[in-house]
Amino acid sequence: MKCEHCGYDAPERAVICPECGEILPRPKKAEEEETEKAAVQKKTAPDADSFSMPFLSAPADLEKADGIAAEDGGKAWLHKEVFRRIRARSLAKARAETKPVELSEYQTFLIGLQGVGPVGGERYDGEDGVMRVIEQLEGVALPPSVWESSVLPVRVRDYRPAMLDGLLSSGEIVWVGSKTTGSKAKEPGLVALHPADSLLLTVQDGEKNGEAPGEPVTLPDAVMAVLAPGGAYHANQLAGLTRAAWDASSECVDESTGEILPHPWSDSQFEEALWSLVWQGKVTNSSFDPLRSLGASSHAVKAPARASRRRVRVRVSVPANMTGLWSAVPHADMQEASAERVAIARIEALLDRYGVIAPPMIDKERLDGGFSGLYPVLRRMEEHGALMRGMFVSGCGAAQFASRQTVDALRACAAEPSAVVLDATDPANLYGSVIAWPRTIGGFSIRPARRSGASVVLRGGRLLAYAVPRSHHLLLAQDADPALQQACNELAYALQRNLRDGGIRGGVTFCDANDEPLTVRGEWSRMLHVAGFVPVPQGMRLYC
């Protein structure tokens, strides 16, 4: 069976063309072929040469025709087979008009689409800018430190943590935790940010949260029994209500004596239970402070050893990772949010984030069902004219979807003259996921990877540098690009901003670049010195 779109000879029983992904026409039955031949032999329309349009006169033929509006306000009849050919050729013509761009050009387009800029050149401002970033990156799960040290500062000018806390406390956005490893409950996981009215909050690991559970069996069940009806509570209030629900559950009996014992309870067990629900995506908080302080040790404020005779107001101490108001993650009405509406909302979020939807972008998001789960909805959106299908970005497969405006903007995108610094896990960085790591920074003992805390320096869609401040290693492109000095300068600016905003004293030290010690004078140490680094016994150090 030959594909009408690309001419590929597909297997006889194939449904989709293996070459271009177009749906193949259904094989005709013998009865249908005889009916069409009889209709053509009976009478053929004058302008039927281009599409072999049969003239319809018999009632049997009218059953296979679609009524369309004519110019005079009446109705004209068009054979279904002809209509299918017109539509297929129209789509093929639209797809042929699109010329794919290189991955480096798409990387430049993506940086502009997400509002990323160099230090001082960020696109957005204030709380409105933070809200716009959250709408665009809705559902992206990242470590809390990455959100505030890299993702938001490179998009929002003069970002401050109070901007994010203001949106959380006002109820405009919510954060949802998740974990992929079996680490302890009080160890940091990943956090996704959502607008409070988002339809994507209806999907949570295939489970609807917020329903009142039955009789508490475990301590997390008791916490959810308190939070499920609604409301937000301080940690001490929630602990008291949880303990009451826990004690009111099934009695604990000593098997040896038959004595009724109280349920075991401790504040540490309650905190463990609460944070385990956080990483299951069921509980959230009105502030980002608990996530900020989760990795640090919490110190309770105690009265001094020698108290004065003045009347002292006693406050109940609360650990830093338990502050704020705790509540169940809100969810939209599941009856109103059908599966198709949720899929459309997810597609719109992906288009807003990437501009183009292709299998590599979906694999990067790690969505349930993958690209095949969204394909039927994407196909219907294409048939209704909302999206175009074609090969817009080379190397991302044949099945790609985008809007007409995005395709035009992608073609007109010019190379970014400024270098930008991103966290390696930033959604705007395609290296290590959609784009393979280039050989210009390969072949060394340190291999680049998408890990939080590592930074990439991009200019014009090319990767110029890869830095890991924690392990004091630096990789620079080996092709003697004249933009390397600009990349080192921008890296120094970004590191100083992170040190200043994070309140970290001291600086950042790199011990080697491309496996060459920076204690030895050379090309790499010279460029870092020009960028503001100074020689130290360990290598090159940047002070805040």
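Preceding this paragraph is the structure being described.
In what follows, the accompanying structure is described.

What counts, and where the lines are drawn
- Residues numbered from 1 in each chain as written.
- Predicted model: local features only at pLDDT ≥ 70, side-chain atom pairs only at ≥ 80, totals over all residues.
- Heavy atoms only, no water.
- Pairing = 2+ DSSP bridges.
- Helix = DSSP H or I, 4+ residues; strand = E, 2+ residues; numbered from the N terminus.
- Salt bridge = Lys/Arg side-chain N within 4 Å of Asp/Glu carboxyl O.
- Buried < 20%, exposed > 50% of the residue type's maximum accessible area, 1.4 Å probe, protein only.
- Expected span 1.5 Å × (residues − 1).
- Axes fitted to C-alpha atoms, helices over the stretch in contact; angles between N-to-C directions.

**Description of the sheet that holds strand E16 (residues 473-476)**
Piece 1. Taken in spatial order, the 6 strands line up as E13-E14-E15-E16-E18-E19 in an open sheet, and their pairing is mixed. What marks the edges here is a single partner per strand, and that holds for strand E13 (420-423) and strand E19 (516-517).
Piece 2. Two strands pair when backbone bridges link them, and strand E15 (residues 462-468) and E16 are joined in this way by 4 bridges, in the antiparallel orientation. When the sheet's bridge partners are listed, Ala 467 is paired in E16 with Leu 474.

**As for the pattern of salt bridges**
Piece 1. Summed over the entire model, instances satisfying the criterion amount to 16 salt bridges.
Piece 2. The salt bridge involving Arg 132 is made with Asp 352; its shortest N-O contact spans 2.9 Å. Here Arg 132 is found in helix H5 (residues 126-136), whereas its partner Asp 352 is found in helix H12 (residues 339-354), with 220 residues between them in sequence.
Piece 3. Residue class for Arg 132 comes out partly exposed when judged on its relative accessible area of 25%.
Piece 4. Look at Asp 352 and you get partly exposed, because its relative accessible area is 23%.
Piece 5. Two residues, Arg 500 and Asp 501, come together in a salt bridge whose shortest N-O distance is 3.9 Å.
Piece 6. Owing to a relative accessible area of 40%, Asp 501 belongs among the partly exposed residues under this scheme.
Piece 7. One salt-bridge network, in which partners are shared between bridges, spans Glu 148, Asp 165, Asp 289 and Arg 292.

**Structural notes on helix H10 (residues 267-279)**
Piece 1. Taking 1.5 Å as the rise per residue, H10 with 13 residues should run 18 Å; its terminal C-alpha atoms sit 19 Å apart, in good agreement.
Piece 2. Buried within H10 are the following residues: Phe 270, Glu 271, Ala 273, Leu 274, Trp 275, Leu 277, Val 278 and Trp 279.
Piece 3. Gly 281, located one to two residues past H10, shows a positive phi value of around 80 degrees.

**Remarks on unusual backbone geometry**
Piece 1. Located in the positive-phi region is Arg 366, a residue other than glycine, with phi close to 55 degrees.
Piece 2. Topologically, Arg 366 is positioned in the loop between helix H13 (359-365) and helix H14 (370-383).
Piece 3. With a phi close to 65 degrees, His 472 is a non-glycine residue in the positive phi region.
Piece 4. Within the secondary structure, His 472 is located in the loop between E15 and E16.
Piece 5. Owing to a relative accessible area of 31%, His 472 belongs among the partly exposed residues under this scheme.

**Here we look at the sheet that holds strand E20 (residues 534-536)**
Whether parallel or antiparallel, the strands of a sheet pair through hydrogen bonds between backbone atoms.
Piece 1. Judged by pairing direction, the sheet is antiparallel, and its 3 strands sit side by side in the order E17-E21-E20 without closing on themselves. Of all the strands in the sheet, just strand E17 (507-510) and E20 have a single pairing partner and so form its edges. If you compare each strand with its neighbour and ignore which way they point, the axes differ by 35 degrees on average.
Piece 2. Where E17 meets strand E21 (residues 539-543), 4 bridges bridge the pair, whose relative direction is antiparallel. Among the inter-strand pairings, Val 508 is bridged to a residue of E21, identified as Leu 542.

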